[in-house]
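Observations on chain architecture
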Amino acid sequence: DSLMNRNAFFNRFYATGLTIDTEEVACLTSRSPRYYVSGAYWDRDSLLWSFPSILALDPAWAKRVLDYIFTRQAKNFGVHSRYISGAVLEPGFELDEFCAPIIALKSYLEATKDFSFLNRRDVMEGLERFEKGLAEKKHPKIDLYQTWLLPSDDPWPQRYVTYDNVLVWRALLDLADIFKWAKNPKKVKPLKANAGKVKAAILKECVVKEPKGPQFAWSVDPDKKGSQMFYDEPPGSLLLLP
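Summarised in this report is the structure supplied together with it. Just so it is clear, the structure is predicted and the values come from calculations on it, not from any experiment. (Residues numbered from 1 in each chain as written. Predicted model: local features only at pLDDT ≥ 70, side-chain atom pairs only at ≥ 80, totals over all residues. Heavy atoms only, no water.)

Our focus in this paragraph is unusual backbone geometry. The backbone of Glu23 shows a phi angle near 60°, a positive value even though the residue is not glycine. Take Glu23: it is sitting in the loop between β1 (16-18) and β2 (25-27). The backbone of Lys183 sits at a positive phi, close to 60°, despite the residue not being glycine. Among the structural elements, Lys183 can be located in the loop between α6 (162-181) and α7 (185-205). (Helix = DSSP H or I, 4+ residues; strand = E, 2+ residues; numbered from the N terminus.)

Here is the structure:
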């Protein structure tokens, strides 16, 4: 308990805070000046890593975090890193970060049943922006989606990363639930169908037969047969797929 509480304390008070001038909630990598990009914002850090703890311990604060995400940060979802104002700090598209707001929003709605949050115009505009932006990243012939940077923020020679596409599958299913709660049933079936196509593409393109059995590759080039590359990294490890 003491270890959990200590980490939860630092997560709450070092990864979020209030701005001095307007007293808005803001998310950031860390408020500690010891961190080399202290005061910057990443969708991944705030929403895939930090948000689950905040939601579990303080749902009211989690709602204020989402309010910040879908206002200040929404116009640049998926851009590598930003200032806490939402402006771009470092360019580069990251698919894991692009999916993070959808996954966080669904987890909040599921935990709190606060479906009135979906009545907000900025939230619905953020969902529309996600759908449009994701379609632009799709491979022309295969149901896989490309990224420019890995979850470690590093460039990579192949654009189609297994971990990132599993997040796409998860985000599409989450978005289907969100639109169900928003009473927009026309969106639900197509989103679930797309999620099924992504899953099928992952199992076909990203799984390689090895001497000890089938295993996931880290990334693939769908236009080149046998192009799978093997690798792993903590921020987006294949061990996180379950």
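For strand β7 (residues 207-210) and strand β8 (residues 213-216), the ladder comprises 4 bridges, and the chain directions are antiparallel. Within the sheet, the bridge partner assigned to Val208 lies in β8 and is Gln215. Between β7 and β8, which follow one another and run antiparallel, lie 2 residues. (Pairing = 2+ DSSP bridges.)

So, about the packing of aromatic side chains. Counted under the stated rule, the structure contains 12 aromatic pairs. With a centroid separation of 5.6 Å and an interplanar angle of 85°, the aromatic rings of Phe9 and Phe10 are classed as edge-to-face. Accessibility expressed as a relative area gives 45% for Phe9, which makes it partly exposed. Taken together through their ring pairs, the aromatic side chains of Phe9, Phe10, Phe13 and Tyr14 make up a single cluster. In this structure, Arg12 packs its charged tip against the face of Phe13, placed 4.5 Å from the ring centre. Here the guanidinium or amino end of Lys137 rests over the ring plane of Phe93, the centre of that ring lying 4.3 Å away. (Phe/Tyr/Trp six-rings, centres within 6.5 Å; stacked < 30°, edge-to-face > 60°. Buried < 20%, exposed > 50% of the residue type's maximum accessible area, 1.4 Å probe, protein only. Lys NZ or Arg CZ within 6 Å of the ring centre and 35° of its normal.)

This paragraph deals with the side chain of Glu205. Position of Glu205 relative to the elements: it lies in helix α7. For the buried Glu205, no salt bridge exists, and the shortest N-O distance to an oppositely charged side chain is 4.6 Å, to Lys204. In this structure Glu205 touches Ile142, Leu144, Val220, Pro222 and Gln228, once residues within four positions along its chain are discounted. (Lys, Arg positive; Asp, Glu negative; His and termini not counted. Salt bridge = Lys/Arg side-chain N within 4 Å of Asp/Glu carboxyl O. Contact = heavy atoms within 4.5 Å.)

A word on the pairing of strand β5 (residues 88-93). Two elements, strand β4 (residues 79-83) and β5, share 3 bridges in a ladder whose sense is antiparallel. From the neighbouring strand, Arg82 faces β5, where its bridge partner is Val88. The turn linking β4 back onto β5 is made up of 4 residues, and Gly86 within it adopts a positive phi angle of 100°.

Coordinates in, geometry out; function isn't part of it.
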